Amino acid sequence: GELLAKLEKEQARVRAARVAAAPRLAEAVERHLGGLAMAGARLAVEVDGPAGDDVTFLLAANAGHDPQPLAKVASGGELARTMLALRLVLSAGPPTLVFDEVDAGIGGAAANTVGSSLAALADTHQVLVVTHLAQVAAVADHHVAISKQSVKGATMSAATLLDRESRITEVSRMLSGSPDSDAAREHAIELLAAGRS
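In what follows, the accompanying structure is described. Since this is a predicted model, take the numbers as computed values, not measurements.

A word on the overall build of the chain
Phase 1 of the analysis: Assigned secondary structure in the chain consists of seven helices and seven strands.
Phase 2 of the analysis: Written out in order from the N terminus, the α and β elements of the chain read α-β-β-β-α-α-β-α-β-α-β-β-α-α.
Phase 3 of the analysis: The globule rule puts the C-alpha radius of gyration for 197 residues at 16 Å, and the 21 Å found for the chain is more than 25% above it.
Phase 4 of the analysis: Taking the principal axes of its C-alpha atoms as reference, the chain extends roughly 75 × 40 × 35 Å.
Phase 5 of the analysis: In the chain, which comprises 197 residues, the proportion classed as buried is 32%.
Phase 6 of the analysis: Within the chain, contacts between residues at least 6 apart in sequence are counted, and of these 46% link residues at least 24 apart.

Dropping the structure here:
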């Protein structure tokens, strides 16, 4: 009886701390969402359970909608960008982070922000990103190109670590669809130089 009462008291203490932290976490994550092509998005964090260990993230990706469970309402890109915003706030966590579809449906300034956000995370984590955006690829420390080919009737995938010249060609292709475009090549060189700075 006494041990159970002590456990319940500690659970209540932990729950209270988590309930108090939830709106602060949601607000901090929301501050990053605008620059990640989710302007007007609202995030809420619900805490339930005796020790507050039943946590649900709720997202309203567009203004005028009520927040709903993130896993049910977010597109792949929205989910990836929300997780990126969450990781920018929560510095602790796994040493390796993988982002896929983080660039879905974005371009321009948002692509630059996603790229710089991923680069900032890479200061303290190993970050692996699957991307089709030149602005995101250009900030990477290393660029691996994935290709498919048919070998004796079977499809094989190859991963190739690109050197500087190959990166320029690949980023040119990402920009224009044509690795031979002089304009795209100049832009690729600019992007890669900016990514290193």
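Digging into the environment of Gly-52
Phase 1 of the analysis: Among the secondary structure elements, Gly-52 is positioned in the loop between strand 1 (42-48) and strand 2 (54-60).
Phase 2 of the analysis: Spatially, the C-alpha atoms of Gly-52 and Gly-77 are 29 Å apart, while their sequence positions differ by 25 residues.
Phase 3 of the analysis: Residues within four places of Gly-52 in sequence aside, it is in contact with Arg-15, Arg-18 and Val-47.

A word on a nonpolar patch on the surface
Phase 1 of the analysis: Judged by side-chain polarity, Val-144, Ile-146 and Leu-161 come together as a nonpolar surface patch covering roughly 310 Å² of accessible area.
Phase 2 of the analysis: The class for Leu-161 is exposed, based on a relative accessible area of 57%.

Some words on the pairing of strand 6 (residues 144-151)
Phase 1 of the analysis: Note: strand 6 against strand 7 (residues 154-161), eight bridges, orientation antiparallel. Bridge assignment links Val-144 to a residue of strand 7, and that residue is Leu-161.
Phase 2 of the analysis: Taking the residues that link successive antiparallel strands as the turn, the strand 6-strand 7 hairpin has two residues, and the phi of Lys-152 there is positive, at about 55°.

Side note on a negative patch on the surface
Phase 1 of the analysis: Residues Asp-180, Asp-182, Glu-186 and Glu-190 make up a contiguous surface patch of negative charge.
Phase 2 of the analysis: With respect to the helices and strands, Asp-180 occurs in the loop between helix 6 (164-176) and helix 7 (182-196).
Phase 3 of the analysis: According to the relative accessible area criterion, Asp-180 is exposed, its value standing at 67%.

Some points on the packing of helix 1 (residues 2-33) against helix 3 (residues 76-89)
Phase 1 of the analysis: Two elements in contact, helix 1 and helix 3, have axes whose closest approach is 8 Å; the angle formed by their N-to-C orientations is 120°. It follows from the interaxial angle that helix 1 and helix 3 lie oblique. When the axes of helix 1 and helix 3 are compared, the crossing they make is right-handed. Where helix 1 abuts helix 3, its residues Leu-25, Ala-28, Val-29, His-32 and Leu-33 lie against Arg-81, Thr-82, Ala-85, Leu-86, Leu-88 and Val-89.
Phase 2 of the analysis: Looking at the contact of helix 1 with helix 3 residue by residue, the classes come out as eight nonpolar, two polar and one charged.

A few points about the pairing of strand 5 (residues 126-130)
Phase 1 of the analysis: Pairing of strand 4 (residues 96-100) with strand 5 involves five bridges; the strand directions are parallel. Bridge assignment links Asp-100 to a residue of strand 5, and that residue is Val-130.
Phase 2 of the analysis: Of the crossover connections in this fold, the one passing from strand 4 over helix 4 (residues 108-121) to the parallel strand 5 is right-handed.

Rules of the game
- Residues numbered from 1 in each chain as written.
- Predicted model: local features only at pLDDT ≥ 70, side-chain atom pairs only at ≥ 80, totals over all residues.
- Heavy atoms only, no water.
- Helix = DSSP H or I, 4+ residues; strand = E, 2+ residues; numbered from the N terminus.
- Rg over C-alpha atoms; globule rule 2.2 N^0.38 Å.
- Buried < 20%, exposed > 50% of the residue type's maximum accessible area, 1.4 Å probe, protein only.
- Contact = heavy atoms within 4.5 Å.
- Patch = residues over 30% accessible without salt bridge, like charges linked within 9 Å, V, L, I, M, F, W, Y side chains within 5 Å.
- Areas by Shrake-Rupley, 256 points an atom, 1.4 Å probe, with all protein chains shown as cover.
- Salt bridge = Lys/Arg side-chain N within 4 Å of Asp/Glu carboxyl O.
- Pairing = 2+ DSSP bridges.
- Lys, Arg positive; Asp, Glu negative; His and termini not counted.
- Charge placed at Lys NZ, Arg CZ, Asp CG, Glu CD.
- Axes fitted to C-alpha atoms, helices over the stretch in contact; angles between N-to-C directions.
- Parallel < 35°, antiparallel > 145°, perpendicular 65-115°, else oblique.
- Left-handed = near helix turned anticlockwise from the far one by under 90°.
- Nonpolar A, V, L, I, M, F, W, Y, C, P; charged D, E, K, R; others polar.
- Right-handed = clockwise from strand over helix to strand, strands pointing away.

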